[in-house]
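# Topology and contacts: notes
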Amino acid sequence: MEPVPAARNRPPRILEELVTPDRVIRTNNGANCPRLDFAYKVEDPDVEDNLTTRWYIYTNYNPNLPAYREGQIPPDGKTVRDRSVTLSIDFAAAENPLRLEGVYVVEGLVSDGTLINRVPLPRPLPGGDSDPTYAVSYAWVVIVTTGSCPQ
Amino acid sequence: MKLRAPITWCLLLAVAAAGCGRKQAVSFHYCTDDSECSAGRVCFADGCGELVQGLRIEVIPNAREGLYAQDFAPASLSAREDLTLSGASLIQGAFQQLSGGQPVTLQGPVSVRAAGESLLVPGRSRSFEFTSSQGTYSLPVATGSYSISANALDNVLPPRQPRTKVNLTPGLTATVDFLFPAVESLTRLEGRLLLANGLPITEAEVDVQALEPVTLRPLSQRAHASSGTPGATGAFTLQIEPLAVNVLVQASPRSADALVPRKEFRVDVTGSPPILELGDFGSTFAISGTLTSSDGTPIPSATIYLEGLANGGGTFRTASTSSNAAGVFTVRTLRSAPGSQLTLWAIPLLQSASGILRVRVAVIGPANLGFFTAPDKILVSGTVGRLDGKAATGIRVEAEPVAAVASSLSLPGSGAYAISDQNGEFRIRLDPAVYRLDFLPSDPQLPRLSRFVTIDNVEDPSQGVQIQPLTLSSGRRITGTVFSPAGPTNMVTHASIRFYRLSTDPASTAAVLLAETVTDSQNNYSVVLPTH
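Model, not experiment: these values are computed from the prediction.

What counts and what doesn't
- Residues numbered from 1 in each chain as written.
- Chains lettered and ligands numbered in written order.
- Predicted model: local features only at pLDDT ≥ 70, side-chain atom pairs only at ≥ 80, totals over all residues.
- Heavy atoms only, no water.
- Helix = DSSP H or I, 4+ residues; strand = E, 2+ residues; numbered from the N terminus.
- Buried < 20%, exposed > 50% of the residue type's maximum accessible area, 1.4 Å probe, protein only.
- Contact = heavy atoms within 4.5 Å.
- Areas by Shrake-Rupley, 256 points an atom, 1.4 Å probe, with all protein chains shown as cover.
- Lys, Arg positive; Asp, Glu negative; His and termini not counted.
- Charge placed at Lys NZ, Arg CZ, Asp CG, Glu CD.
- Salt bridge = Lys/Arg side-chain N within 4 Å of Asp/Glu carboxyl O.
- Pairing = 2+ DSSP bridges.
- Buried area = accessible area lost by both parts, 1.4 Å probe.
- pLDDT = per-residue confidence, 0-100.
- Axes fitted to C-alpha atoms, helices over the stretch in contact; angles between N-to-C directions.
- Phe/Tyr/Trp six-rings, centres within 6.5 Å; stacked < 30°, edge-to-face > 60°.
- Core = buried A, V, L, I, M, F, W, Y, C linked by side-chain atoms within 4.5 Å.
- Disulfide = S-S within 2.5 Å.

## Remarks on the overall build of chain A
Helix and strand counts for chain A stand at zero helices and 13 strands. Projected onto the principal axes, the alpha-carbon positions of chain A cover approximately 75 × 30 × 20 Å. For chain A, the proportion of its 151 residues judged to be buried stands at 50%. Of all intrachain contacts in chain A linking residues separated by at least 6 positions in sequence, the fraction that spans at least 24 positions is 72%. Split by element, the accessible area of chain A, about 6800 Å² in all, is 56% carbon and sulfur. Side-chain charges of chain A comprise 15 positive and 20 negative groups, with the mean position of each set lying 4 Å from the other.

## Structural notes on the overall build of chain B
Per the secondary structure count, chain B includes one helix and 42 strands. The C-alpha extent of chain B, read off along each of the three principal axes, is 100 × 70 × 35 Å. Once local pairs closer than 6 in sequence are excluded, the contacts in chain B between residues at least 24 apart make up 65%. For chain B, the accessible surface area stands at approximately 23000 Å², while carbon and sulfur atoms represent 53% of it. Measuring between centres, the 40 positive side-chain charges of chain B sit 4 Å from its 43 negative side-chain charges.

## Section: the pattern of salt bridges
Per the counting criterion, the structure on display carries 36 salt bridges over all chains. Glu58 of chain B serves as the salt-bridge partner of Arg498 of chain B, at 3.0 Å between the closest nitrogen and oxygen. A residue pair is termed long-range when its members are at least 10 positions apart, and Arg498 of chain B in strand β40 (residues 496-501) and Glu58 of chain B in strand β4 (residues 55-60) qualify at 440 residues. The residues Arg498 of chain B and Glu58 of chain B share a single accessibility class, namely buried. The shortest N-O distance in the salt bridge between Asp71 of chain B and Arg126 of chain B comes to 2.8 Å. A residue pair is termed long-range when its members are at least 10 positions apart, and Asp71 of chain B in strand β5 (residues 70-72) and Arg126 of chain B in strand β10 (residues 125-132) qualify at 55 residues. On the accessibility criterion, Asp71 of chain B (6% relative accessible area) is buried. The structure contains a network of salt bridges with shared partners spanning Lys41 of chain A together with Glu58, Asp71, Arg124, Arg126, Arg498 and Glu516 of chain B.

## Here we look at the pairing of strand β36 (residues 449-455) of chain B
Residue and element names in this part refer to chain B. Burial of β36 is extensive: six of the seven residues sit out of reach of the surface. In terms of strand pairing, strand β35 (residues 433-440) meets β36 through seven bridges, oriented antiparallel. In the sheet register, Ala433 faces β36, and the bridge partner there is Ile455.

## A short note on the interface of chain A and chain B
Chain A puts 42 residues into the contact, and the matching count from chain B is 51 residues. It is Glu17, Ala94 and Arg99 of chain A that lose the most area in chain A upon contact with chain B, and together they represent 17% of the buried surface on that side. Connecting chain A to chain B are five salt bridges. A salt bridge links Lys41 of chain A to Glu516 of chain B; its shortest N-O distance comes to 3.3 Å.

## Regarding the confidence of the model for chain A
With 97% of its residues at a pLDDT of at least 70, chain A reaches an overall mean of 92. Between the elements of chain A, mean pLDDT differs from a low of 91, seen in strand β11 (residues 123-124) of chain A, to a high of 98, seen in strand β1 (residues 13-14) of chain A.

## A word on the sheet that holds strand β33 (residues 416-419) of chain B
Residues and elements named next belong to chain B. Taking strand neighbours across the sheet as the criterion, the four strands line up as β33-β32-β35-β36 in an open arrangement whose pairing is antiparallel. For this open sheet the edge positions go to β33 and β36, each flanked by a neighbour on one side alone. Put simply, the sheet's adjacent strands are angled 25° from each other on average, direction ignored. Two elements, strand β32 (residues 396-403) and β33, share four bridges in a ladder whose sense is antiparallel. Looking across to β33, one finds that Glu398 is bridged to Tyr417.

## Details of the sheet that holds strand β39 (residues 474-483) of chain B
All names here are of chain B. The mixed open sheet is built from three strands, whose spatial order is β6-β39-β42. Sheet topology places β6 (83-84) and β42 (524-531) at the edges, where each strand pairs with a single neighbour. The pairing of β39 with β42 spans eight bridges and is antiparallel. Pairing of Ser474 across the sheet is with Thr531, part of β42.

## Here's the deal with the packing of aromatic side chains
Here the distance between the centres and the angle between the planes together describe a pair of aromatic rings. Residues and elements named next belong to chain A. All chains considered together, the criterion is met by 16 aromatic pairs over all chains. Seen from their ring centres, Phe38 and Trp55 are 6.4 Å apart, and the 50° between their planes marks the pair as tilted. With Phe38 in strand β3 (residues 36-40) and Trp55 in strand β5 (residues 51-58), the pair connects residues that are 17 residues apart, well separated along the chain. Judged on exposure class, the residue Phe38 and its partner Trp55 are both buried.

## A look at the nonpolar core
Formed by 47 residues in total, the largest nonpolar core has its most connected members in Leu193, Val208, Leu238, Ile240, Val247 and Leu291 of chain B. Once residues within four sequence positions are removed from consideration, Leu193 of chain B is found in contact with Ile201, Val206, Val208, Ala225, Gly234, Phe236, Ala251, Phe265, Leu276 and Leu278 of chain B.

## Here we look at the pairing of strand β28 (residues 342-347) of chain B
All names here are of chain B. Across the six residues that make up β28, a large majority, six, are buried. Neither face of β28 is left uncovered, since the one carrying Leu342, Leu344 and Ala346 and the one carrying Thr343, Trp345 and Ile347 both have all their residues buried. In this sheet, β28 lies alongside strand β24 (residues 303-309) in antiparallel orientation, the contact comprising five bridges. Paired with Leu306 across the two strands is Leu344, which belongs to β28.

## Looking at the state of the cysteines
Disulfide: a covalent bond formed between the sulfur atoms of two cysteine residues. All names here are of chain B. Under the defined criterion, the tally for this structure stands at three disulfides over all chains. Disulfide pairing is shown between Cys31 and Cys43; the S-S distance is 2.1 Å. Measuring the twist about the S-S bond at about 105°, one finds the Cys31-Cys43 disulfide to be right-handed. Taken together, the residues span a long stretch of sequence, with Cys31 in the loop between β1 (24-26) and β2 (42-44) and Cys43 in strand β2 at a distance of 12 residues. The same class applies to Cys31 and to Cys43, which are both buried. The disulfide partner of Cys37 is Cys48, and the S-S distance across this bridge is 2.0 Å. Where Cys37 bonds to Cys48 through sulfur, the torsion about that S-S bond is close to -80°, and the disulfide is left-handed. Of this pair, Cys37 sits in the loop between β1 and β2 while Cys48 sits in strand β3 (residues 47-49), and the two are 11 residues apart along the sequence. Relative accessible area serves as the criterion here: at 8%, Cys37 is assigned to the buried category. Take Cys48: its relative accessible area is 27%, and that puts it in the partly exposed class. Disulfides within chain B link the bonded cysteines, taken in sequence order, as 1-3, 2-4.

This is the structure we're talking about:
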């Protein structure tokens, strides 16, 4: 009799119905402009998975670009995690990757595995086998124009 | 006696050393934990209060279907709180243009944008955008107070931005029609944008736009000034809002990579064609330097940029660069205006022990500016305990900067966090600022807490500061069902629910998150809020 195969890892999913704000954002870059708050929720049928979250901000895609921010969503016993994945950009902050005029991509990436750059590494299984892990992402386009925001 | 003296000295030295090395105590802005509050009142970020006071609930039913956030302000709070949603909030209207004195449907694509924030949850900014070529629009939005603007995309008409804001409560539809002026009624402003001495700008493309001088509302679309090519003349034409007389013309480079100053000019549109001079800001060149920590160690991967006043009166910011493994950086810049200095910003990585450096530098030409020493971040230590007296382990402590402080004047970026260890202790390195510290337990039975704290004027940064020990609150579970508006009931499956408390702290009046969750497949939710 064949042994029961081990349960395979299943991928997380970004709930597009709860992503905020809308996908295309236009803003000026003055210090008085409203902060940008990006947020999404994650679903993972494997409720014990610890999820790694990363934010990338770029004008030209580069697979080796370091993450702007990194975090974790620990297990909370639910498939849809209670905790949102968030990123705040404050135009009054010294460190603001959107401070210059241009068209940017703000990308939120979540993975249930260990990431090398953006690539999730398989998990080793007993017996020399491995289980794939996954990374999914959602991208916003932010169009930044020079100038203060109207009062 | 001969034996005692050395012991006494040792003790004195030890006490002195301990005194020198003692961490400076720092208090939260208000209470530390519920023990300081009377029965039934909870220690919130802005002090002791009753849970229901200032409680706000945000529900996002399904943003993908156009059902955006709806906010609630419950007058009371029971163990079961059902939430009944209204239909989508809408802003709708028509795009018209005067023609022969009569409004007619405006042809061509028009982008309409609503930007504002929640009426009930301060600090929750919201913006929505929609482009229509039908002469009408219907824009689903979250509840809130919005400034609405419309921009005709393929012609010269100035953007429309009504002065009054639109307040939308759940399910409400507001009508905002936009009436664009006739093209022939616009004020045509022709002028030239030049360097000093009548020379054209050939290095980069520059745009101009007319703004209302006080409110900075756009009075024209952006237009290209002839620039960026060898044959450029600097000529530009702006089609400006009728009746506008005194305007602010803003000149800015089209590309962020172009090192051309941005400058604003007051212009009387009834006068002769203006000649706007950006001045002789010169050519770009490279400056270099080395960034180190206070102990002389090179700081790699720091973000470096310069900003300031250019010759001619315009302002500019350079592109960012990164320091290399040896802490060496190179930035292409313009020279600073005579008598002024540029500001050099160096921002080490979030996990670095070095903090943000802001230093004034005179930049007159290519040079190695030498060594720059970034200040140490302040080591902030604290302890989190449970109500049973045990250490609270695995608590994620997130530091959200909410206001700058006088000693720094620069607001750090967000994202710093620490995890409490087996003793409930956490250590986090922060730049000086006012922070909201969020304490997020991994135990789903415990509520998250937030406290405001000012990290500034530290006597001995190497020792850091010690925050008062904090005890987590008890949790009170609130459950409920989210009922959808008329329509498919599954529209609110996986609705986002967030509970907030209003903040009265003058450093940050943005509402503070108390709990968040998502509805299940039966539209039910459950959250844990603090109780005492």
